Amino acid sequence: MSASDTPLAGQIRTPHRDRSSIGGLLRAVVLGLVVASVGFAGSIAVTDDTASAFSGPMATNAMAPVVTTSARQALDSYDRWTTTDDASDYRSFVWLRTQTAQYAAIELGYPQDEMVEAWAATPFEHQVAVLAAMTQIGVPYRTNTSKENVGFDCSGLTTFAWSRAGVQLVRQSGAQIRDAASLDRATAKAGDLVQYPGHVMMYLGVGDAIIHSVMSGRTVELDTISDRRTNSVRFGDPTL
């Protein structure tokens, strides 16, 4: 099922991958939100025997607090809409999805309208998976883990995100891409899997934009496919 909507939130054009274009005022607001979100990027208690605990703050995306909050609100609105079939709940979902896409575009330096359109055009299952992954930005990488707000390895994040959309994936990066329908970059959509040997990510529908849980010492992050991998990655749709 696909969706195409007219964005309801205002848009601020940002040159492709030009982070310096983000105004000082916006950065000040973001930093204020980060400070206000005590513990978000700080230490996270771990009881899983397969993971070692991290202490102290870990580096994460500057826009993480607003992205995760917006994504959670979008998913809540989606759940209400699918329950009530009320037009106001659908409009709320669209507005919040649009806002989350704009925040992601600002973080990565992509034009906001391109990210908004990419998310609006992808099927609803894909939208839910993307938003679910967005709620976990800043959560630490943890080997062999797929636990909301606790930790993820790469396939753990994609498994979590797609399970929120009702799609069960095998918990191994190579198996996930083998089981997915093969796509080329031109047909890949927001939410589709992006993989190279040993690592799986989720595509955000624009350029090289992805979200992933990359390695020990890092967190779930909005990022871009590395330059050395951009022409060799595989794309796949786990719903086909």
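Before reading further, recall that the structure is shown in the block above.
The shown structure was predicted, so the numbers you read here are calculated from the model rather than taken from an experiment.

Draft legend 1. Highlighting unusual backbone geometry. A positive phi angle is found at N144, which is not glycine, with a value near 55°. With respect to the secondary-structure elements, N144 resides in the loop between α5 (124–134) and β1 (146–147). Among the residues examined, N144 registers a relative accessible area of 54% and is labelled exposed. Not every positive phi belongs to a glycine, and N149 is a case in point at roughly 65°. As for its position among the elements, N149 is in the loop between β1 and β2 (151–152). In this structure N149 comes out as partly exposed when scored by relative accessible area, which is 38%.

Draft legend 2. The sheet that holds strand β3 (residues 181–183), seen in detail. Here six strands make up an open sheet; going across it, the order is β3-β8-β4-β5-β6-β7 and the pairing antiparallel. In this open sheet, the two edge strands, each paired with only one partner strand, are β3 and β7 (220–224). Across the sheet, the mean angle separating the axes of adjacent strands is 35° when strand polarity is ignored. As defined by bridge partners, strand β5 (residues 199–203) adjoins strand β6 (residues 209–213) across two bridges and the pair is classed as antiparallel. Across the sheet, M202 pairs through a bridge with I211, a residue of β6. Relative to the sheet, α5 contacts β5, β6, β7 and β8 (234–237), its axis offset from that of β5 by approximately 115°.

Draft legend 3. Spatial organisation of the packing of helix α2 (residues 64–84) against α5. The geometry of α2 relative to α5 is characterised by a closest axis approach of 8 Å and an angle of 145° between their N-to-C directions. For α2 against α5, the interelement crossing comes out left-handed. Facing α2, whose interface residues are V67, T68, A71, A74, L75, Y78 and W81, α5 presents F124, V128, L131, A132 and M134. Of the residues contributing to the contact of α2 with α5, the split by class is 11 nonpolar, one polar and no charged.

Draft legend 4. Local environment of the pattern of salt bridges. Under the criterion given, the structure shown has eight salt bridges. A salt bridge links R218 to E221; the nearest nitrogen and oxygen atoms lie 2.7 Å apart. A relative accessible area of 9% places E221 in the buried class. For D223, the salt bridge identified is with R218, shortest N-O distance 3.8 Å. Classification of R218 as partly exposed rests on a relative accessible area of 30%.

Rules of the game
- Residues numbered from 1 in each chain as written.
- Predicted model: local features only at pLDDT ≥ 70, side-chain atom pairs only at ≥ 80, totals over all residues.
- Heavy atoms only, no water.
- Helix = DSSP H or I, 4+ residues; strand = E, 2+ residues; numbered from the N terminus.
- Buried < 20%, exposed > 50% of the residue type's maximum accessible area, 1.4 Å probe, protein only.
- Pairing = 2+ DSSP bridges.
- Axes fitted to C-alpha atoms, helices over the stretch in contact; angles between N-to-C directions.
- Contact = heavy atoms within 4.5 Å.
- Left-handed = near helix turned anticlockwise from the far one by under 90°.
- Nonpolar A, V, L, I, M, F, W, Y, C, P; charged D, E, K, R; others polar.
- Salt bridge = Lys/Arg side-chain N within 4 Å of Asp/Glu carboxyl O.

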